[in-house]
Amino acid sequence: MPGSLHEPTLQTRTSLVEYKGYVVTMENKRSALRVEAMFLPDALQSIAQAVKIKSKVLTGKDVTGEYKDYEIRLENGRKVT
């Protein structure tokens, strides 16, 4: 639907899928999106072509420790069964 009010939202979601990301929240004037760090610059550029970005806040979190914890739990669970 070219010109549709929903077109920017659809383009944003399409960009996120392309860059292995997802929508956390999407509201009229504020959205939260998650994308892997390696895809972030390209995803932002793609989204900026679809919607007007008035401001952005970028945050990151190292989840290596959490990943290792789950990996160990999974290994231990496999040993039990």
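Everything that follows concerns the structure shown earlier in this document.
Residues numbered from 1 in each chain as written. Predicted model: local features only at pLDDT ≥ 70, side-chain atom pairs only at ≥ 80, totals over all residues. Heavy atoms only, no water.

## Details of the pairing of strand 2 (residues 31-34)
Sheet analysis places strand 1 (residues 22-26) next to strand 2, joined by four bridges and oriented antiparallel. The partner of V23 across the bridge, within strand 2, is L33. Between strand 1 and the antiparallel strand that follows it, strand 2, lie four residues. (Pairing = 2+ DSSP bridges. Helix = DSSP H or I, 4+ residues; strand = E, 2+ residues; numbered from the N terminus.)

## Points about the side chain of S46
With respect to the element layout, S46 can be found in helix 2 (residues 40-50). A polar side-chain atom of S46 sits 2.6 Å from a polar atom in the side chain of S15. (Polar contact = N/O pair within 3.5 Å; in protein donor to acceptor, adjacent residues only side chain to side chain.)

## A few points about unusual backbone geometry
For K20, which is not glycine, the phi torsion reads 55° and is therefore positive. Note on placement: K20 falls in the loop between helix 1 (7-18) and strand 1. Classification of K20 by relative accessible area gives exposed; the value is 55%. (Buried < 20%, exposed > 50% of the residue type's maximum accessible area, 1.4 Å probe, protein only.)

## Thoughts on the layout of surface pockets
As a volume, the largest pocket reaches approximately 1600 Å³. Along the wall of the largest pocket there are 37 residues; nearest its centre are S31, A32, L33, K56 and V57. Residue assignment for the lining of the largest pocket shows that the elements contributing at least two residues are helix 1, strand 1, strand 2 and helix 2. Of the residues that constitute the lining of the largest pocket, the class distribution is 19 nonpolar, eight polar and 10 charged. (1 Å grid on protein atoms, 1.4 Å probe; cavity = no way out; pocket = protein on both sides within 12 Å on 5 of 7 lines; lining within 4 Å. Points joined across faces, edges and corners; volume = space filled by probe spheres on them. Nonpolar A, V, L, I, M, F, W, Y, C, P; charged D, E, K, R; others polar.)

## What to know about the pattern of salt bridges
Scanning the model with the defined rule gives three salt bridges in all. Of the charged contacts, one joins K61 and E66 as a salt bridge, the two residues approaching to 3.1 Å between their closest N and O atoms. What makes K61 exposed here is its relative accessible area of 62%. Where D69 meets R73, a salt bridge forms, and the shortest distance between an N and an O atom there is 3.2 Å. Here the residue D69 and the residue R73 both occupy positions in helix 3 (residues 64-80), the gap between them amounting to four residues, near one helical turn. A relative accessible area of 34% means that D69 is categorised as partly exposed. Residue R73 is classed as exposed on the basis of its relative accessible area of 53%. (Salt bridge = Lys/Arg side-chain N within 4 Å of Asp/Glu carboxyl O.)

Nothing here speaks to function; it is geometry throughout.
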